[in-house]
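Listed below, chain by chain, are the residues.
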Protein chains: 2
Amino acid sequence: MTKQLPFYETLDLTLCGNMGRVHRLCREVVTIAVEPLGLTQSRWTTLVHVNMLQEGVTQLELAHSLGIEMPSLTRTLKQLEESLLIVRKVDQQDRRSKRIYFTEQGRNVLSTLQEKIADIKDQLYHGLSHEQLDIMAYGLVKMEENAKKSIIQSTIGENLNDT
Amino acid sequence: MTKQLPFYETLDLTLCGNMGRVHRLCREVVTIAVEPLGLTQSRWTTLVHVNMLQEGVTQLELAHSLGIEMPSLTRTLKQLEESLLIVRKVDQQDRRSKRIYFTEQGRNVLSTLQEKIADIKDQLYHGLSHEQLDIMAYGLVKMEENAKKSIIQSTIGENLNDT
DNA sequence: TTAATATAGTTAGCTTGCTAAGTAAATAGA
DNA sequence: TCTATTTACTTAGCAAGCTAACTATATTAA
């Protein structure tokens, strides 16, 4: 009833391609839903994470939470600031870092956004049990660990070649 | 032993972000490994799919298999052709379509590529059972279906507004 | 047979990830 | 205290996904 496809075999050929495709599709679903708010994928994701980590978060903390690099975040924050949804304030304790705050308008957009996301979540996970979703989460975390380990080892290999 | 994270809760906030991150990381692992071959992610993925669907496949069939749109594929094929790994021949039965074939050099690259991918697959799936991987596959397929259904419904909604 | 529509592929330009290299502020060492 | 290094962020430009709009060929209908 639950199993269906030989994942191990399927991915033998396409590796992580399936994940990329599903990711693009899910992203598209949300983007269609939030289009009236003038939000693209990177913008709505960023708003959700700012709220999750609390206002006043630094850009570095935010980038880490989103799993993206600083330059990618810089661009998105610039766009959000231009749309008057957030403001960036220099931290007076450490004037290198900037902290993110919502504007009034930003908070309104966030609350509409969260309602829409809740609806979509139900649609996307339809037909999957909490148990199955937990196993998927475990698998994703495991693969992320494995990938990072592998990347680190490649980097060490490079450095050895330098000497 | 297997479960660990509350996926359902985690994704409540970040939705498909986890998938995107894991996808980017896995892609990076392969890209590092195949860099000596001068292949980027889109190029090696395309080579693997051409081989999977057999030489002589049309661009449309290939795009569908890769889960990407034609313009994305056009660019990648152009690069692969410039690197002398494939050739595109106009189908004489239907002169609109083009069929893809490997060059001698392309076949050599493919075989090295496949060895490397097999190694990486083992690394990335390390610590996951076939059963867990099957559940992940099922979940991905299910989410893909759900997402497509949702996108179709949005499109219908748009058309109704037009009348 | 000719005009209208559909299909395969291309081109142009957007989004959002990335790395490399730069600036300005903070910290460590001489 | 003054220089050197590290850190937070920015800028510039590449990679690879996308849509919209184009060309050329094939099909369908008048």
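Please refer to the structure higher up on the page.
All of these numbers come straight from a predicted model, not from anything done at the bench.

> For this particular structure, what's the right way to read the overall build of chain A?
When its secondary structure is counted, chain A shows seven helices and three strands. Its helices and strands in sequence order give chain A the pattern α-α-α-β-α-α-β-β-α-α, from N to C terminus. By the burial criterion, 41% of the 163 residues in chain A qualify as buried. Counted over contacts in chain A with a minimum sequence separation of 6, partners at least 24 positions apart contribute 46%. Carbon and sulfur atoms form 51% of the exposed surface of chain A, whose accessible area is close to 8,900 Å².

> What is the right way to look at the sheet that holds strand β3 (residues 98–102) of chain A in this model?
Picture the strands of a sheet paired through backbone hydrogen bonds; they go either parallel or antiparallel. Residue and element names in this part refer to chain A. Strand order across the open sheet formed by three strands is β1-β3-β2, with antiparallel pairing between neighbours. Strand pairing shows two members of the sheet lacking a second neighbour, β1 (57–58) and β2 (86–90), which therefore form its edges. Examined bridge by bridge, β2 and β3 share five bridges and lie antiparallel to one another. Counterpart to Lys89 in the pairing with β3 is Arg99. Sitting on the sheet, helix α5 (residues 70–82) is in contact with β2 and β3, with an inclination near 115° to β2.

> Where do I start with the protein's contact with DNA strand C in this structure?
Residues in close proximity to DNA strand C total 23 residues, the closest being Thr40, Glu69 and Arg75 of chain A together with Gln59 and Arg88 of chain B. Within 4 Å of the protein, the contacting atoms of DNA strand C are 67% sugar and phosphate, with bases supplying the remainder. Between Gln41 of chain A and DNA strand C, the recorded distance is 3.1 Å, taken from a backbone N or O atom to a phosphate oxygen. Here a phosphate oxygen of DNA strand C sits 2.8 Å away from a polar atom, N or O, in the main chain of Lys98 of chain B.

> Any chance you could explain the sheet that holds strand β3 (residues 98–102) of chain B here in plain terms?
All names here are of chain B. Read across the sheet, three strands follow the order β1-β3-β2 without closing on themselves; strand pairing throughout is antiparallel. Across the chains shown, the open sheet's two edge strands, defined by having one partner strand only, are β1 (57–58) and β2 (86–90). In the packing of helix α5 (residues 70–82) onto the sheet, the strands contacted are β2 and β3, and the crossing angle to β2 comes to about 115°.

> Any chance you could explain the environment of Gln41 of chain A here in plain terms?
Residue and element names in this part refer to chain A. Within the secondary structure, Gln41 sits in helix α3 (residues 41–53). Since its relative accessible area comes to 24%, Gln41 is described here as partly exposed. For Gln41 and Leu25, which are 16 residues apart along the polypeptide, the C-alpha to C-alpha distance reads 11 Å. If sequence neighbours within four positions are ignored, Gln41 has contacts with Arg27 and Thr31.

> Help me understand the protein's contact with DNA strand D in this model?
With respect to spatial proximity, 23 residues lie near DNA strand D, and among them Arg88 and Lys98 of chain A together with Glu69, Arg75 and Arg96 of chain B are the closest. Near the protein, meaning within 4 Å, the atoms of DNA strand D are sugar or phosphate in a fraction of 67%, with bases accounting for the rest. The side chain of Arg96 of chain A places a nitrogen or oxygen atom 3.2 Å from a base oxygen of DNA strand D. For the surface near DNA strand D, the elements supplying multiple residues, two or more each, are α4 (59–66) and α5 of chain A together with α3 (41–53) and α5 of chain B.

> Before we go on, may I ask you to explain the packing of α3 of chain A against helix α6 (residues 104–124) of chain A in this structure?
Residues and elements named next belong to chain A. Their axes nearest at 10 Å, the elements α3 and α6 cross at an angle of 105°. Considered as vectors, α3 and α6 are oriented roughly perpendicular to each other. Contacts between α3 and α6 involve Trp44, Leu47, Val48 and Asn51 from the former and Val109, Leu110, Leu113, Gln114 and Ile117 from the latter.

> How should α3 of chain B be read in this particular structure?
A turn of α-helix holds 3.6 residues, and therefore any two residues three or four places apart point the same way. Here α3 of chain B contains 13 residues, and its C-alpha end-to-end distance of 18 Å stays within 8% of the 18 Å for a straight helix at 1.5 Å per residue. Following α3 of chain B by one or two positions, Gln54 of chain B adopts a phi angle in the positive range, close to 85°.

> What exactly am I supposed to notice about the packing of aromatic side chains here?
Summed over all chains, the structure comprises zero aromatic pairs over all chains. In this structure, Lys89 of chain B packs its charged tip against the face of Tyr101 of chain B, placed 4.8 Å from the ring centre.

Thresholds applied
Residue numbers run consecutively from 1 along every chain, following the written order of its sequence. Chains carry letters and ligands carry numbers; both start at the beginning, A for chains and 1 for ligands, and go up in the order they are written. Confidence filtering applies because this is a predicted model: local features only for residues at pLDDT of at least 70, side-chain atom pairs given and counted only at 80 or more, and all residues used for totals across whole chains, interfaces and linings. Note that the side-chain values use all heavy atoms of the structure and ignore hydrogens as well as water. Think of it this way: any DSSP run of H or I at least four residues long counts as a helix, any run of E at least two long counts as a strand, and we number them from the N terminus. The buried label applies to any residue whose accessible area, calculated with a 1.4 Å probe on protein chains only, is under 20% of its type's maximum; exposed applies above 50%, and partly exposed to all values in between. Residues are treated as being in contact if the distance between any of their heavy atoms lies within 4.5 Å. What sets the accessible areas is the Shrake-Rupley method with a 1.4 Å probe; for residues, cover comes only from the shown protein chains. Strand pairing is assigned whenever DSSP identifies at least 2 bridges connecting the two strands. The axes are straight lines fitted to the C-alpha atoms, using for helices just the contacting stretch, and the angles between their N-to-C directions are given from 0 to 180°. By convention in this text, a residue qualifies as near a molecule or strand provided that one of its non-hydrogen atoms is within 4 Å of it. Here a polar contact means two N or O atoms within 3.5 Å. Within protein one must be a hydrogen donor candidate and the other an acceptor candidate, and residues neighboring in sequence count only if both atoms are side-chain atoms. Angle categories: roughly parallel below 35 degrees, roughly antiparallel above 145, roughly perpendicular from 65 to 115, and oblique for all the rest. Residue count minus one, scaled by 1.5 Å, sets the expected span of a helix. Two aromatic rings, drawn from Phe, Tyr or Trp (for Trp, its six-membered ring), form a pair once their centres lie within 6.5 Å of each other, and the interplanar angle then sorts them: stacked below 30 degrees, edge-to-face above 60, tilted otherwise. Two thresholds decide whether a charge sits over a ring: the Lys NZ or Arg CZ must be within 6 Å of the ring centre and within 35 degrees of the ring normal.

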